[in-house]
Amino acid sequence: MQLRDSTRKPMWARNAVYHGYLVGEHQIPVYSNVIYFHPNAGRNDTGVYEYSWHGYAYTLRYKVIRLIEIEGQAVLETQAPGLLPPLRL
């Protein structure tokens with residue numbers, strides 16, 4: 001979860017570290033989602049980092065979710081308890 005754009009390390013670099021650690025430490029598949037909260041955050045994040053060099057290739061993909069792009073009414077209509085705020089009486 002990311003409130004604003006990364007300032008020190010780009011998101012793709014941070015994800016590469018997370019993936020490398022989890023795969024190396026636990027030998028498990030990793031599926032990443034990055035959720036941007038601020039309306040201006042993540043605008044340039046494509047969710048892909050890749051390079052190739054001398055016949056080698058590396059690709060890292062992760063899902064980018066920008067809350068500003070999600071239609072709020074559609075979320076409310078799902079009536080999914082995990083997505084709705086608790087009712088305060």
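Before any of the text, the structure's been laid out above.
Report on the accompanying structure. (Residues numbered from 1 in each chain as written. Predicted model: local features only at pLDDT ≥ 70, side-chain atom pairs only at ≥ 80, totals over all residues. Heavy atoms only, no water.)

**Section: a nonpolar patch on the surface**
Okay, step 1: A surface patch of nonpolar side chains, about 520 Å² in accessible area, is lined by Met1, Leu3, Phe37, Leu67 and Ile70.
Okay, step 2: Along the chain, Ile70 falls in the loop between β4 (63–66) and α2 (72–78).
Okay, step 3: Residue class for Ile70 comes out partly exposed when judged on its relative accessible area of 39%. (Patch = residues over 30% accessible without salt bridge, like charges linked within 9 Å, V, L, I, M, F, W, Y side chains within 5 Å. Areas by Shrake-Rupley, 256 points an atom, 1.4 Å probe, with all protein chains shown as cover. Salt bridge = Lys/Arg side-chain N within 4 Å of Asp/Glu carboxyl O. Helix = DSSP H or I, 4+ residues; strand = E, 2+ residues; numbered from the N terminus. Buried < 20%, exposed > 50% of the residue type's maximum accessible area, 1.4 Å probe, protein only.)

**Describing the pairing of strand β2 (residues 48–53)**
Okay, step 1: Alignment of β2 against strand β3 (residues 56–61), held across six bridges, turns out to be antiparallel. The residue of β3 that forms the bridge with Tyr51 is Tyr58.
Okay, step 2: Connecting β2 to the antiparallel partner β3 that follows it, the hairpin turn spans two residues, and His54 within it adopts a positive phi of roughly 50°. (Pairing = 2+ DSSP bridges.)

Keep in mind that these numbers describe shape and distance, not what the molecule does.
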